[in-house]
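Each chain is listed here by its residues.
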Amino acid sequence: MTKTSLTWVSTVVGLALAGCGSAPPPKQLIDARAAYNRASRSEATQLAPAELHEAKVALQRAEKQYKDDAKSGKTVDMAYIAQRKAELAETQAQTLELARQEQEIEAAQQMSAAKAAEETKGELEETRGMLESERDARAAAEIAAAEALARLAAQGTQSTEEERGTVITMPGTLMFSSGKAELRPQARQKLEKVATAIEEMPERQIIVEGHTDSTGSAELNMQLSEARANAVRDYLVQEGVNASQIQATGVGPADPVADNATPEGRAENRRVEIVIAKDGAPMQQPMQQPTPMPMP
Amino acid sequence: MKSAIAAIVTAGFGVWLAGCSSTPPPTQRMTSAKASVRAAQELGADQIPKAQLHLQLAEEQVRHADELIDRGEMERADLLLQRANTDAQLAIAITRQDGVRDGLRESIDTMETLP
């Protein structure tokens, strides 16, 4: 071997040795290592293990490249990629953690909303229960009323359904002597049965209306009709009907049901109507009446 | 000896030449890098400073890779495109995190206003 050749060989060997990693690592590789260290100590180990592993593999490739050829620019590129992958793993892990926290809050909110809904539901159930028992009570009352009226009808006293309520019409000739406001015995008998029926409907308002035909002075007829209505009312109360449940009013000739031109019509118009108001209907205000005068 | 060394040098030079021209252009890598950049742009990465930084890096590296491909430097271009891809992915991840953080902030605000 010549001296020149030996120099050549040593140069080549020296160069080869230099390629074995004794050159300092590029800054990029140092940064990549730091980034991976940070990521491996973060939530990424638990929340983004796949991405973290990818970062580790990329770093290992960069390290190998550095060992194989320290001066190669490839090391810098591979280290850069490894660093980004580590940062990516960390970022994604943080995002998952934030998302988890948001879910926790939403779950807590849903729970308190659900709890509030449960409470409201409980209150509504209670109210519904109350309403239902009220409704049942009302239904029972309606049945009792219907049965009472049916019994009355069976006993010979008819009633009709009108918009203002159930109306029991008592003919004037049956109830009173002409021009008088004193109840006849038959009237009393009938009214006893009516009182029994009314006692089956304690929640209903009763209005007793006195009516006359058009013969004679309207004012006198008004007074007579009121006196008769009061007589009926007082007797019903005497027979056990609640006083606060029942009112009396005189209508006079103002509300005929038949033609006053004929005797039959006039007889029909002379009547007392006992109105059983519909359930829940407000009490009608009686018309202002002068104090009843006893008829001669 | 001289001829042996000459042979090694020639072989080395040949290898170096091969690295320059026999590698195909990284077209697939280019497509995916450009797609990632576009995705980051559409997500609004340019609205968040830290994301915008990585988006810009990605865009620059794609441009640089284009130039390298024109010059026939395929291997370097391929590495640059890989870099661009990871930058774009990071820009996307940062943008998404910002969105989730906003949502969390809103939930906290809602919670605090409840009776």
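Calculation notes
Residues numbered from 1 in each chain as written. Chains lettered and ligands numbered in written order. Predicted model: local features only at pLDDT ≥ 70, side-chain atom pairs only at ≥ 80, totals over all residues. Heavy atoms only, no water. Helix = DSSP H or I, 4+ residues; strand = E, 2+ residues; numbered from the N terminus. Buried < 20%, exposed > 50% of the residue type's maximum accessible area, 1.4 Å probe, protein only. Contact = heavy atoms within 4.5 Å. Areas by Shrake-Rupley, 256 points an atom, 1.4 Å probe, with all protein chains shown as cover. Salt bridge = Lys/Arg side-chain N within 4 Å of Asp/Glu carboxyl O.

1. Observations regarding the overall build of chain A
Next, step 1: Helix and strand counts for chain A stand at nine helices and five strands.
Next, step 2: If you list the helices and strands of chain A from N to C, you get α-α-α-α-α-β-β-α-α-β-α-β-α-β.
Next, step 3: The buried share of chain A, reckoned over its 296 residues, is 36%.
Next, step 4: Pairs at least 24 apart in sequence give 74% of the contacts found in chain A among residues at least 6 apart.
Next, step 5: Of the roughly 17,300 Å² that chain A leaves accessible, carbon and sulfur atoms contribute 56%.

2. Let's talk about the pattern of salt bridges
Residues and elements named next belong to chain A.
Next, step 1: This structure, assessed with the given rule, holds 23 salt bridges over all chains.
Next, step 2: Between Lys64 and Asp68 there is a salt bridge, with its nearest N and O atoms 3.0 Å apart. Remark: Asp68 and Lys64 occur in helix H4 (residues 49–68); sequence separation between them is four residues, near one turn of the helix.
Next, step 3: Look at Lys64 and you get exposed, because its relative accessible area is 54%.
Next, step 4: Across the pair Glu97 and Arg100 runs a salt bridge whose closest N-O atoms are separated by 2.8 Å. With Glu97 and Arg100 both in helix H5 (residues 73–154), this residue pair falls three residues apart, about one helical turn.
Next, step 5: The exposure class of Arg100 is partly exposed, given its relative accessible area of 37%.
Next, step 6: One network of salt bridges, in which partners are shared, links Glu162, Arg164, Glu209, Arg271 and Glu273.

Remember that the coordinates give geometry; whether it matters functionally is a separate question.
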